[in-house]
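# Structure at a glance
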Amino acid sequence: MASISIDQVDKVYPNGFQAIHGLSLEVSDGEFVVLVGPSGCGKSTALRMVAGLEQITDGELRIGERIVNDVEPKNRDIAMVFQNYALYPHMTVAENIGFALKLAKVPKAEVTARVNEAAQMLELTDQLDRKPSQLSGGQRQRVAMGRAIVREPAAFLMDEPLSNLDAKLRVQMRADISRLQRQLGITTIYVTHDQVEAMTMGDRVAVLKDGYLQQVDTPQHLYDRPDNVFVAAFIGSPSMNLFEATFEGSGLHLGSHRLALPDATLERRPALATYGGRKIAVGIRPEDLEDASLATDAAEGAVISSTVELTESLGSEIVVHFALDAARVDAGNPDAADDLSAADAVARFDPRSRCRAGEVVDIAVTVENLHFFDLESHAAIWT
Amino acid sequence: MTVLNPTPDAAGASVEPPSDEPQMDRSGRTAARRRKLFSYAILLAFTALYVGPMLMLVLTAFKSLPEFFKNPTGWPESFGFGNFVEAWEKANIARYLVNSVLYTAVATAICVFTSVLVAFPIARGYLKGAKYILLLYVVALFLPPALIPQFQLILNLGLFNTRTGFILLFLVNPIGLIILVNYIKSIPRELDESAAVDGCGYYRFVFKIVMPLIRPAIATVTVLHAIGIWNELVLPTIYLTSENLYPVTRGLIVFEGLYGSNWPALAAAVLILMTPMLVLFLFLQRYIISGLTAGAVKG
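Residues numbered from 1 in each chain as written. Chains lettered and ligands numbered in written order. Predicted model: local features only at pLDDT ≥ 70, side-chain atom pairs only at ≥ 80, totals over all residues. Heavy atoms only, no water.

### Section: the overall build of chain A
Basically, it comes down to this: A helix here means a DSSP run of H or I that spans at least four residues, while a strand means a run of E at least two residues long, and both kinds are numbered starting from the N terminus. Buried means the residue's accessible area, taken with a 1.4 Å probe over protein chains only, is under 20% of the maximum for its type, while exposed means over 50%, and partly exposed covers the values in between. The contact rule is simple, with two residues in contact once any of their heavy atoms fall within 4.5 Å. Only the protein chains shown count as cover for residues, with accessible areas throughout obtained via the Shrake-Rupley method and a probe of 1.4 Å. Charge convention: Lys and Arg are scored as positive, Asp and Glu as negative, and His as well as the terminal groups of each chain are ignored. For this purpose, a charge sits on NZ of Lys, CZ of Arg, CG of Asp or CD of Glu.
The number of helices and strands found in chain A is nine helices and 20 strands. The dimensions of chain A, computed from C-alpha atoms along their principal axes, are 75 × 45 × 35 Å. In chain A, which comprises 383 residues, the proportion classed as buried is 52%. When contacts within chain A are restricted to residue pairs at least 6 apart in sequence, those whose partners lie at least 24 apart make up 70%. Split by element, the accessible area of chain A, about 16,700 Å² in all, is 47% carbon and sulfur. The distance from the centre of the 36 positive side-chain charges to the centre of the 55 negative ones in chain A is 9 Å.

Here's what the structure looks like:
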């Protein structure tokens, strides 16, 4: 096992396109770090550079104590799991799992023992003589994992290994991979575009956009204290509601609504005082909006009225879409099919709420949890 | 509605649809049957076009020469193997067969092996200007055979009338290379990368991973190339003058007379000649279709 250190790494392709801009990331020994971001953000490129499948244009990459910028992939002591599993179709499961060991000239008996051990761990013992075409998607994914495990590498690199699975299997495999990684304690870098995967699996999550690292933190901290509008909108489902608002003294003008801000909020964000009379971006998590008739602790001046456009009952909650007469803020996520002209906000109401589409409802806002961002730089406003 | 005054027929149809429906159904079925019959007639005509000459070849092989002249297209009076025995002996097939097998096997093996080694880096773009190299092969498909320069080359190399010189003529097959390139493109690139991470070297990857995966394309190229060499008649006539180097096709000339040919014996010899390639084709047939259609649809 080893740590991975990415220091000011750039990737420029021969056509001049720069995929990665000065990426710096430290992955400690045994840590599970998830690289997440929308399509084309450079997360797979970053992982492939760690694997040695892409040349590093500038910067330094260390695995353990070794600088590996110019080291061949096979000599980096890493194992990689690919999106489409990359299993050899003409080999059996056992041959696939043991292929790297065979290449490393490991004695036959040891290869068999290690393959059997990995198969047992992944519940593949009965499938060892089968070809990949005879396996289900989940089993193929486990074979790909087995191929990585059996080598006992210094680090696992996983490039969207669950994206070819159906939703239910993905949830199960997510837990399996996390459990396995903790059990083996092998340093892991995991790439995904799915923020739920990132939040549930990673010890830390690194959010990328357009080749720039936006923020790297623990999942909860990333959720609670996003550094900018992009991270705020990208992490969390449904996404954070982001609207333009005018900050005035102790309150906010959000469209035609006025929200009073408690002193504690202003004290926690002293920099907010400098925005007096100016427009800022305000972020409201859907769970910080509740049907006012059910919110017994709703603060005074923290209720807005709006017309419900659509309700989606999920059993444990109701997702409510409602109109808000404030301009929306573009978070810059290329994957989001947002129509900015439709000023639609989303709330997660308690399932006991009786609100219906077309009705005007009072919505209580948990103002203590509001997020504030500079409208131009999109950076969070804190100190 | 734009139709304000429907025609009496249309109005009738709208009033009494049940009475007309079976009639329309019947006429529709008849039209479909007619179309089907027409398709079968065309298919039958094409089948006759391909099978006819083959049938005539087989029938001729079982006729005597006078019988052939009397009734060239008819059924033979008896099915004897006299022509086959005559063809075997007169065309020296036993002796020339060894040469044909040698030329075909060696040239095909070398051609397929080297083609895979060339096709893989071209397909993957691991070579600079790979697409231009492929373009050269495509252009080569449309060029006329360079008979005179090729002859000069073989002559100057001192390989005229030698087995090596003759085999050298068949070491490149542009269409085979194009088939291989297209098939290799259908293999996910992640396999290359996974193998690189696993510690698999370039040549080991080509031989252990790529070759087993492109078996259909290899079978296709093998059959196409082997048939081409096996049936070649012009090149052995030009490049081989010693009788002990002749391939089987060269032996067939013996049946060409000054004033006429011994067609039944020639037909028997042709049937003998085509048997090995037919066996090879049948043996590799199950791979060939997928080799030829690779990349046609998303797999």
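### Overview of the confidence of the model for chain B
Residue and element names in this part refer to chain B. Definition in use: Summary of the metric used: pLDDT quantifies the predictor's per-residue confidence within the range 0 to 100.
In this model, chain B carries a mean pLDDT of 86, and residues with pLDDT of at least 70 account for 88%. Helix α8 (residues 163–168) holds the highest mean pLDDT among the elements of chain B, 96, whereas helix α1 (residues 8–15) holds the lowest, 43. This model gives residues 1–17 a pLDDT under 50, and the stretch forms two contacts once residues within four places in sequence are excluded. Note on residues 295–299: pLDDT is under 50 here. Beyond four places in sequence and across chains, it has zero contacts. Model confidence for the complex is summarised by a pTM of 0.81, with the ipTM given as 0.84.

### Regarding the interface of chain A and chain B
What counts, and what does not: Two parts placed together each lose some accessible area under a 1.4 Å probe, and the buried area is that loss summed for both. The rule for a salt bridge is simple: a side-chain nitrogen of Lys or Arg has to be within 4 Å of a carboxyl oxygen of Asp or Glu. Pairs of N or O atoms within 3.5 Å make up the polar contacts considered here, provided that, within protein, one atom can donate a hydrogen while the other can accept it, and that residues adjacent in sequence are counted only when both atoms are side-chain atoms. Residues are sorted three ways: Asp, Glu, Lys and Arg are charged, Ala, Val, Leu, Ile, Met, Phe, Trp, Tyr, Cys and Pro are nonpolar, and all the rest, Gly among them, are polar.
Taken together, the contact between chain A and chain B spans 21 residues of the former and 16 residues of the latter. Between chain A and chain B lies a buried interface of about 1,600 Å² when both sides are counted; carbon and sulfur atoms form 65% of it. Here aspartate 198 of chain B makes a salt bridge to arginine 151 of chain A, at a shortest N to O gap of 3.6 Å. Counting every contact that joins chain A to chain B gives eight residue pairs in polar contact (both at pLDDT 80 or more). Sorting the residues of the side of chain A that touches chain B by element identifies β6 (78–81) and α2 (93–103) of chain A as the ones contributing at least two each. Across the side of chain A that touches chain B, the residue classes break down as 14 nonpolar, two polar and five charged.

### A word on the pattern of salt bridges
Within the structure shown, the criterion is met by 18 salt bridges over all chains. For glutamate 31 of chain A, the salt bridge identified is with arginine 204 of chain A, shortest N-O distance 2.5 Å. A residue pair is termed long-range when its members are at least 10 positions apart, and glutamate 31 of chain A in the loop between β2 (18–27) and β3 (32–36) and arginine 204 of chain A in strand β9 (residues 204–209) qualify at 173 residues. Taking the relative accessible area as the measure of exposure, glutamate 31 of chain A reaches 10% and is therefore buried. A salt bridge links arginine 48 of chain A to glutamate 54 of chain A; the shortest N-O distance between them is 3.3 Å. Neither arginine 48 of chain A nor glutamate 54 of chain A differs from the other in exposure class; each is buried. Where salt bridges share partners, they join Lys11, Arg48 and Glu54 of chain A together with Glu193 of chain B into one cluster.

### As for the packing of aromatic side chains
Going by this rule: Ring pairs shown here join Phe, Tyr and Trp side chains whose ring centres sit within 6.5 Å, with only the six-membered ring taken for Trp; geometry is labelled stacked below 30 degrees between planes, edge-to-face above 60, and tilted in between. Either the NZ atom of lysine or the CZ atom of arginine qualifies as a charge over a ring when it sits within 6 Å of the ring centre and within 35 degrees of the ring normal.
Tallied over the entire structure, the rule returns 21 aromatic pairs over all chains. Geometrically, the ring pair formed by tyrosine 96 of chain B and tyrosine 246 of chain B is edge-to-face, given 5.7 Å between the ring centres and 65 degrees between the ring planes. Placement of the pair is tyrosine 96 of chain B in helix α5 (residues 93–124) and tyrosine 246 of chain B in the loop between α13 (234–239) and α14 (248–251), with a sequence separation of 150 residues. We classify tyrosine 96 of chain B as buried; its relative accessible area is 4%. Ring geometry for tyrosine 203 of chain B against phenylalanine 207 of chain B: centres 6.4 Å apart, planes inclined by 25 degrees, an arrangement best described as stacked. Residue tyrosine 203 of chain B and its partner phenylalanine 207 of chain B are located together in helix α11 (residues 202–213), separated by four residues, close to a single helical turn. Feature note: the residues Phe113, Phe120, Tyr126, Tyr202, Tyr203, Phe205 and Phe207 of chain B constitute an aromatic cluster, connected by ring pairs. The residue whose ring lies beneath arginine 225 of chain A is tryptophan 382 of chain A, and the NZ or CZ to ring-centre distance is 3.6 Å. When the ring centre of tryptophan 382 of chain A is taken as origin, the NZ or CZ atom of arginine 269 of chain A, which lies over that ring, is 4.3 Å away.

### Considerations on the nonpolar core
Heads up, the condition is: We call a set of buried residues a nonpolar core when its members are Ala, Val, Leu, Ile, Met, Phe, Trp, Tyr or Cys and they connect through side-chain atoms within 4.5 Å of each other.
Counting 68 residues, the largest nonpolar core has Ile4 of chain A together with Ile214 of chain B as its most contacted members. In terms of residues, this core owes the most to one element, helix α9 (residues 174–185) of chain B, which gives seven residues. Sequence-distant contacts of isoleucine 4 of chain A, defined by excluding residues within four places in its chain, comprise Leu25, Glu26, Val27, Val50, Leu61, Arg62, Ile63, Ala155, Thr187 and Ile189 of chain A.

### Topic: the sheet that holds strand β20 (residues 371–374) of chain A
Residue and element names in this part refer to chain A. Note the cut-off: Here the rule is simple: two strands pair whenever DSSP picks up at least two bridges between them. The axes used here are C-alpha line fits, helices contributing only the stretch in contact, and every angle between their N-to-C directions lies in the interval 0 to 180 degrees.
Strand order in this open sheet of five strands is β13-β12-β11-β14-β20, and the pairing throughout is antiparallel. Sheet topology places β13 (257–260) and β20 at the edges, where each strand pairs with a single neighbour. Direction aside, neighbouring strands of the sheet carry axes that sit 40 degrees apart on average. Here strand β11 (residues 241–248) pairs with strand β14 (residues 279–284) via six bridges, running antiparallel. Bridged to phenylalanine 243 within β14 is valine 282.

### A short note on the side chain of threonine 192 of chain A
Residue and element names in this part refer to chain A. Structurally, threonine 192 is set in strand β8 (residues 187–192). Polar contacts involving the side chain of threonine 192 include one to the side chain of glutamate 197, which spans 2.9 Å. The contact partners of threonine 192, leaving out residues within four places of it in the chain, are Val34, Leu35, Val36, Gly37, Lys43, Glu160, Glu197 and Ala198.

### Observations regarding a nonpolar patch on the surface
Residues and elements named next belong to chain B. Threshold: Like-charged residues are merged into a patch within 9 Å and nonpolar side chains (Val, Leu, Ile, Met, Phe, Trp, Tyr) within 5 Å, provided each residue has over 30% relative accessible area and no salt bridge.
The grouping of Phe38, Ile42, Phe46, Leu49, Tyr50, Val51 and Leu55 at the surface amounts to a nonpolar patch, some 780 Å² of accessible area in total. Within the element layout of this structure, leucine 49 appears in helix α2 (residues 17–61). Exposure remark for leucine 49: the relative accessible area of 62% places this residue in the exposed category.

### Some thoughts on the packing of helix α6 (residues 130–142) of chain B against α9 of chain B
Residue and element names in this part refer to chain B. Operational definition: An angle below 35 degrees is read as roughly parallel, one above 145 as roughly antiparallel, one from 65 to 115 as roughly perpendicular, and any other as oblique. A crossing counts as left-handed when the near helix is turned anticlockwise from the far one by less than a right angle, and as right-handed when that turn is clockwise.
The interhelical angle for the contact between α6 and α9, taken along N-to-C directions, is 140 degrees, at an axis separation of 8 Å. By the angle class used here, α6 and α9 are oblique. Helix-helix and strand crossings are classified by hand; for α6 and α9 the assignment is left-handed. Judged by residue contacts, Leu134, Tyr137, Val138, Ala140 and Leu141 of α6 engage Pro174, Ile175, Leu177, Ile178 and Val181 from α9. Of the residues contributing to the contact of α6 with α9, the split by class is 10 nonpolar, no polar and no charged.

### Considering a positive patch on the surface
Among the surface-exposed residues, Lys102, Lys105 and Lys108 of chain A together with Arg204 and Lys208 of chain B lie close enough to one another that they form a single positively charged patch. Mapped onto the elements, lysine 208 of chain B comes out in helix α11.

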